[in-house]
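Tertiary structure, described
Read off the chains here:
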Amino acid sequence: MSARLLDGKKIRDQILAELAPQVHSLAAAHRPPGLAVILVGDNPASAIYVRSKVAACHELGIHSEQLTPPASISTSELLSLIDNLNRRDDIDGILVQMPLPPQIDSRAVLLAIRPDKDVDGFHPFNVGNLVAGSPGPRACTPAGIMEMLLRYDIPVEGRRAVVVGRSDIVGKPMALMLLHRNATVTICHSRTPGLAAECRRADILVAAIGKPALITADFIQPGATVIDVGMNRITDPALAARIFARRPDRLTQLAAKGSILIGDVHPVEGPEVAGALTPVPGGVGPLTIAMLMSNTVRSAESRLLAAPAAPCSS
Ligand code: GUN
């Protein structure tokens, strides 16, 4: 059996096409939505993600600004950058790319972003709204996964969902979103005993633990939907050769580029057992960006509605 591949780029394009007229009418009536992205230091993976986020803004007509303070920035200096963006009327969304350098108090940073400009949905106010099932911006990666399940008509209600990983960015909000759609949800993590057996119970398995090819055939119920959130860059040729022992053709990328991108799901065994699967790359990644655009447009719309009307001139 070979799994149906769930195409993140196709869903991203659908979402962006739906957002385009909203961006145009905001721009015509008022001004384009504005997103500020703060990238601290020079983490190469973060730089690639931020570049894609800024490119998506550009493509859609969203005004974007990138701030790139050095890795040595202090928490208070970063808070003052955020304070400045909080006060600006033309900025509807503020995103601080994670992870931050160790000297930065990440909690203080997330708390400093105005909840109505928190396009990541990471502020405790918005996390509280998620827990309560109240409206508000949702974390982009799990929101994108929910959108993918919906648009591929993959039933969630009454299904057993297992989320592997308990991060604030993916695992925890993912579990809550699945719960709100009436799945029976289990959260597993690095210290879960019998992880393979837990995962095998899943009709929907979300792998977000950051361990390359951890989810092998024995973790997957035949026919299950498997969502691979992992983005692991492998440079070790021996590890890559082990993973692709039966698919040596896949090693050409490693030979050409010096690295290969692998998810948390075994890229050869996963598609043999799953019923549907997100590829890496091209699965979940594009959806994160689409949902960031969606959150930014929504933020611009609701801030516009909330803004006091301009006084009439007579
Ligand atoms: N780092 C990894 N994923 C994300 C994300 O969705 N938002 C932010 N701000 N940082 C991240």
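Throughout what follows, the structure given in this document is the object of discussion.

How each quantity is defined
As a convention, each chain's residues are numbered from 1 in the sequence order in which they are written. Restriction of local features to residues with pLDDT of at least 70 applies here, the model being predicted, together with a cutoff of 80 or more for giving and counting side-chain atom pairs; totals for whole chains, interfaces and linings are based on all residues. No hydrogens and no water enter the side-chain calculation; it runs on all heavy atoms of the structure. One heavy atom suffices: a residue is near a molecule or strand as soon as one of its heavy atoms comes within 4 Å of it. Between N or O atoms, a polar contact is any pair within 3.5 Å; within protein, one atom must be a potential hydrogen donor and the other a potential acceptor, and residues adjacent in sequence are included only when both atoms are from side chains. Note on areas: these come from Shrake-Rupley sampling with a 1.4 Å probe, and a residue is covered only by the protein chains present in the view. Cavity: a set of points on a 1 Å grid over the protein atoms alone where a 1.4 Å probe fits but cannot get out. Pocket: an open set with protein on both sides within 12 Å along at least five of seven lines, its lining residues, like those of a cavity, having an atom within 4 Å of a point. Should more than half of a molecule's atoms lie within 2 Å of a pocket's or cavity's grid points, that molecule is taken to sit in it. Note on residue classes: Ala, Val, Leu, Ile, Met, Phe, Trp, Tyr, Cys and Pro are nonpolar, Asp, Glu, Lys and Arg are charged, and everything else, Gly too, is polar. Being paired, for any two strands, means DSSP has found at least two bridges between them. Each helix is a run of H or I in the DSSP string that is no shorter than four residues. Each strand is a run of E no shorter than two, and both are numbered from the N terminus. By definition, residues are in contact when any of their heavy atoms lie within 4.5 Å. Only C-alpha atoms enter the line fits that serve as axes; for helices the fit covers just the stretch in contact. Angles between N-to-C directions range over 0 to 180 degrees. Orient the strands so they point away from the viewer, and a crossover whose first-strand-to-second-strand path over the helix runs clockwise is right-handed. Grid points are joined across faces, edges and corners, and a volume is the space filled by probe spheres set on the points.

**Structural notes on the site of the ligand**
The environment of the ligand is made up of Lys 53, Leu 95, Val 96, Gln 97, Met 98, Asp 120, Phe 122 and Ile 169. Gln 97 has a polar side-chain atom sitting 3.3 Å from a nitrogen atom of the ligand. Backbone polar atom of Met 98 to a nitrogen atom of the ligand: 3.0 Å apart, as the coordinates give it. Protein chains shield 85% of the accessible area of the ligand, which is 280 Å² for the free molecule. If you map the ligand onto the pockets, it falls in the largest pocket. Grouping the amino acids of the shell around the ligand by side-chain chemistry returns five nonpolar, one polar and two charged.

**Quick notes on the sheet that holds strand β5 (residues 160–164)**
Taken in spatial order, the six strands line up as β1-β11-β8-β7-β5-β6 in an open sheet, and their pairing is parallel. In the strand order of this sheet, the two ends are held by β1 (4–5) and β6 (184–188), each with one partner. Here two bridges tie β1 to strand β11 (residues 276–277), and the two strands are oriented parallel to one another. In the strand pairing of β11, Arg 4 is matched with Ala 276. Here helix α7 (residues 171–180) sits on the sheet and contacts β5, β6 and β7 (204–207); the angle it forms with β5, its principal contact strand, is near 170 degrees.

**Focus on the pairing of strand β3 (residues 63–67)**
Across five bridges, the pairing between strand β2 (residues 34–38) and β3 is parallel. For Ile 38, the partnering residue across the bridge sits in β3 and is Leu 67. Taking the sense of rotation as the criterion, the β-α-β connection linking β2, helix α2 (residues 44–60) and β3 turns out right-handed.

**Some remarks on the side chain of Thr 278**
Looking at where Thr 278 falls in the secondary structure, it is placed in the loop between β11 and α12 (284–306). A polar contact of 2.8 Å, which involves the side chain of Thr 278, links it to the backbone nitrogen of Asp 228. Thr 278 has contacts with Leu 6, Met 148, Val 226, Ile 227, Asp 228, Gly 283 and Val 284, leaving out every residue within four places of it along the chain.

**Let's talk about the sheet that holds β3**
Taken together, three strands build an open sheet; the order of strands is β3-β2-β4 and the sheet is parallel. Each end of this open sheet is capped by a strand with a single partner; those strands are β3 and β4 (93–96). Strand-to-strand twist in this sheet, taken as the mean axis angle between neighbours without regard to direction, amounts to 15 degrees. Sitting on the sheet, α2 touches β2, β3 and β4, and the angle it makes with β3 is about 155 degrees.

**Observations concerning the layout of surface pockets**
If you add up the space inside the largest pocket, you get close to 1300 Å³. The set of elements that each furnish at least two residues to the lining of the largest pocket consists of α1 (8–29), α2, β4, α6 (140–151), β9 (232–234) and α12. Among the elements that make up the lining of the largest pocket, the one with the highest residue count is α2 (10 residues). Among the residues forming the lining of the largest pocket, the class breakdown is 27 nonpolar, 13 polar and eight charged. Empty space within the second largest pocket amounts to approximately 640 Å³. Taken together, 26 residues line the second largest pocket, and the ones lying closest to its centre are Gly 136, Pro 137, Arg 138, Asn 295 and Arg 298.

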